[in-house]
Amino acid sequence: MKHIELRDILHRIDHKGYPAYKDTRGCYDFPEFTLSIDHVQGDPFASPSKVSVLLSGKSAGFPENLWKEKCRRIALQDYLLRQFGKRIEKVSFKAKGSGKSGLMSVSRPGQEVLNRSACEINPELGDILVRMEIGFPANGRTVNARELEKIFFEFLPQCVKSALFYKALPEKEIADWVNLASDQQYIREQLKQLGLAAFVADNAILPRESGVSGKPLAQAVPFHSPESLEVTMNLPFGGTMKGMGIKKGITLIVGGGYHGKSTLLKALEAGVYNHIPGDGREYVITDDTAVKLRAEDGRSIQKVDISMFINNLPNGKDTKAFVTEDASGSTSQAANMVEAMEAGAKVFLIDEDTSATNFMIRDELMQRVVHREAEPIIPFIDRVEELYGNFGISTILVAGSSGSYFHKADCILQMDRYEPMEITAFAKEQAKQFPLVAAPVPEQKQVDFVRKVMGDKSFRDARAKIKTMGRDSISINRDVIDVRYVEQLADTEQLALLGYILKYAYTNLIDGKKTIQQVVDMIYDTIEKGGMKKICGESYLPCNFAMVRKQEIYACLNRYRKLKLQ
Ligand code: ADP
Ligand code: MG
């Protein structure tokens, strides 16, 4: 339809009851873009209406080199979304009325650059689609179409013109934003070439402003690599860049309290994502399968084989297919670890601050007093070498209070006033005077991941209700999946997508025959090939999805309390 027709509809329904707004659903051609009204809210207080604008690649005019390649396209999408967001914020609530009347909003990305449903660029043609929410204006509960007319014919076109056309935007800023993504991608590829688990560039700013802000801490001590670990990257755009290469294998981070150990580890956790220019962690890049592992008391565990860590429980429970509704510190950390192996993690990130001590070590005195046979836990320290040797899984571990890991580590870093020093030789020499006493444990050569997922009848009715509660949890038909301790989930929009992924998996894939690995691979393939809309199952794609890694899909499934496995 022509945009004039939208004006006609608006004039016709003015002052009618709110449901008359439903007539506006449809697509309208404006001079610069196509407006699509995908979903109209039921009343002025309900969740706002869903609207999108589509610009042809030709008229938007972004050169192909900014969007042809995937990592660059995602960066451009992110850039445009932020630009559009800045403008739309200024006109939000300029149209007036009751309830959410006049609200105009798009996703507000944080420090990470994620593929989001809020802005999609078509990889063939460069067409740009932006999805947003608009509160259709009302007086009380009657349509105030004049105000909506302002939104569609004045505010929205202004935002589109100034934020989504190449000519209206600063050329160099866009190029820098997108080129950074290529540099980040290059470092990720180099990690594999150079046998590294992570790279932390010199001058990176690791600490954050506060526990609730992702912004860089002002006046932080910039990162500086110890000479012995220095690696040089020849970036495609950013020139040569030096920094610390953390090799595969076992890396230990020690140092006094408050010297920056956890901050370094947190930066490595976040390094599975790309960060925006100015973040300070732009060039902190971690193997993108890396998983942060911690204790998580109280989580549910479904048939996980934790026997490589835990055996002979006093209640006689089977630890080859361990089940509990309320895990302890050590069993939860063991399950998190085995599940991460199942999810294909090649790097484990562990901080003693958030670990179960009895899972990490047993000191000599304790081993003398409490015999091996009376202790169900084979601590991580007795497995860490095998994990690398037999499974190719590296560990980066923060441990400031126990020296036991000195014996196991390939590389030992000491954080000293926020600067890392390599102290491997010195620490190893000192460790000789304190030999490790450990009872031999049977070698673990392989773990089989054969858990098959059973169907769940609460999904039979296709209208499963999905909600997310901030960054903490996802609820599906009132069953709450607690993901607070899935620490690498960076954004609430990732939770929104996970909810829909779970629903899709249960309604389309899970049949009691496929293993959890097959299910997750299929989900991932479907999204990679067909986009997020393939799994969403609605007539329109919600504007608040952000892409997740496979590892987080596993984490979400594993925490679903109704998960049943064979
Ligand atoms: P640790 O784990 O060694 O006890 P943290 O990593 O928790 O120490 O850091 C302690 C404090 O120091 C935090 O408040 C953190 O923000 C701050 N901090 C960390 N790194 C830096 C840095 N490079 N410059 C300035 N402050 C920092
Ligand atoms: Mg700490």
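Residues numbered from 1 in each chain as written. Chains lettered and ligands numbered in written order. Predicted model: local features only at pLDDT ≥ 70, side-chain atom pairs only at ≥ 80, totals over all residues. Heavy atoms only, no water.

## A word on unusual backbone geometry
Here is step 1 of the chain: One non-glycine residue with positive phi stands out, namely Asn203, at about 75°.
Here is step 2 of the chain: Within the element layout of this structure, Asn203 appears in the loop between β10 (196–201) and β11 (208–210).
Here is step 3 of the chain: The phi angle at Asn312 is positive, at roughly 50°, despite the residue not being glycine.
Here is step 4 of the chain: Its place among the elements puts Asn312 in the loop between β19 (301–304) and β20 (322–324). (Helix = DSSP H or I, 4+ residues; strand = E, 2+ residues; numbered from the N terminus.)

## Some thoughts on the environment of Ala95
Here is step 1 of the chain: Relative to the elements of secondary structure, Ala95 occurs in the loop between α3 (70–91) and β4 (104–105).
Here is step 2 of the chain: Through-space distance from the C-alpha of Ala95 to that of Gly298 is 48 Å; in sequence the pair is 203 residues apart.
Here is step 3 of the chain: Those residues in contact with Ala95 that sit more than four places away from it in its chain are Ser101, Gly102, Pro137, Glu147, Ile151 and Phe155. (Contact = heavy atoms within 4.5 Å.)

## So, the side chain of Ser332
Here is step 1 of the chain: When you line up the elements, Ser332 lands in helix α7 (residues 329–342).
Here is step 2 of the chain: With residues near it in sequence (within four places) discarded, Ser332 still touches Ala295, Glu296, Asp297, Arg299, Ile301 and Ala327.

## Observations regarding the sheet that holds strand β22 (residues 394–398)
Here is step 1 of the chain: Taken in spatial order, the six strands line up as β18-β21-β22-β15-β23-β24 in an open sheet, and their pairing is mixed. Two strands bound the open sheet, and with one partner strand each, they are β18 (291–293) and β24 (419–422). Across this sheet, the average inter-strand angle for adjacent strands is 25°, counted without regard to direction.
Here is step 2 of the chain: The pairing of strand β23 (residues 411–416) with β24 spans four bridges and is classified as antiparallel. Opposite Gln414, over in β24, you have Met421 as the bridge partner. (Pairing = 2+ DSSP bridges. Axes fitted to C-alpha atoms, helices over the stretch in contact; angles between N-to-C directions.)

## Notes on the sheet that holds strand β13 (residues 230–235)
Here is step 1 of the chain: The four strands lie next to each other as β13-β14-β10-β17, forming an open sheet whose pairing is antiparallel. Each end of this open sheet is capped by a strand with a single partner; those strands are β13 and β17 (284–286). Averaged over all neighbouring strand pairs, the angle between strand axes comes to 30°, with direction disregarded.
Here is step 2 of the chain: Of the strand pairs in this sheet, β13 and strand β14 (residues 239–247) are connected by six bridges, and their pairing is antiparallel. Paired with Leu235 across the bridge in β14 is Gly239.
Here is step 3 of the chain: The strands that helix α5 (residues 171–194) touches are β10, β13 and β17; relative to β13, the one it contacts most, it runs at about 135°.

## What about the coordination of the magnesium ion (ligand 2)?
Here is step 1 of the chain: Looking at the magnesium ion (ligand 2), the protein donor atoms are Ser262 (OG) and Asp353 (OD), and they sit 2.1 to 2.3 Å from it. Placement of Ser262 in helix α6 (residues 261–270) and of Asp353 in the loop between β21 (347–351) and α8 (357–360) is noted, with a sequence separation of 91 residues between them.
Here is step 2 of the chain: The class of Ser262 is partly exposed, set by a relative accessible area of 23%.
Here is step 3 of the chain: Relative accessible area serves as the criterion here: at 57%, Asp353 is assigned to the exposed category. (Donors = N, O, S within 2.8 Å, 3.2 Å for Na, K, Ca; no water. Buried < 20%, exposed > 50% of the residue type's maximum accessible area, 1.4 Å probe, protein only.)

## Comments concerning the packing of aromatic side chains
Here is step 1 of the chain: Under the criterion given, the structure shown has 14 aromatic pairs.
Here is step 2 of the chain: An aromatic cluster of at least three residues, connected via ring pairs, comprises Tyr18, Tyr21, Phe136 and Phe152.
Here is step 3 of the chain: Directly above the ring of Phe153 sits Arg7, whose terminal nitrogen or CZ lies 4.0 Å from the centroid. (Phe/Tyr/Trp six-rings, centres within 6.5 Å; stacked < 30°, edge-to-face > 60°. Lys NZ or Arg CZ within 6 Å of the ring centre and 35° of its normal.)

## Re the site of ligand 1
Here is step 1 of the chain: Contacts to ligand 1 come from 13 residues, most closely from Val221, Tyr258, Lys261, Ser262 and Thr263.
Here is step 2 of the chain: Between an oxygen atom of ligand 1 and a side-chain N or O atom of Thr263, the distance comes to 2.5 Å.
Here is step 3 of the chain: At 3.2 Å from an oxygen atom of ligand 1 is found a side-chain nitrogen or oxygen belonging to Tyr418.
Here is step 4 of the chain: Within the complex, 78% of the 570 Å² of free accessible area of ligand 1 lies under protein.
Here is step 5 of the chain: Of the residues in the shell around ligand 1, the class split is six nonpolar, six polar and one charged. (Near = heavy atom within 4 Å. Polar contact = N/O pair within 3.5 Å; in protein donor to acceptor, adjacent residues only side chain to side chain. Areas by Shrake-Rupley, 256 points an atom, 1.4 Å probe, with all protein chains shown as cover. Nonpolar A, V, L, I, M, F, W, Y, C, P; charged D, E, K, R; others polar.)

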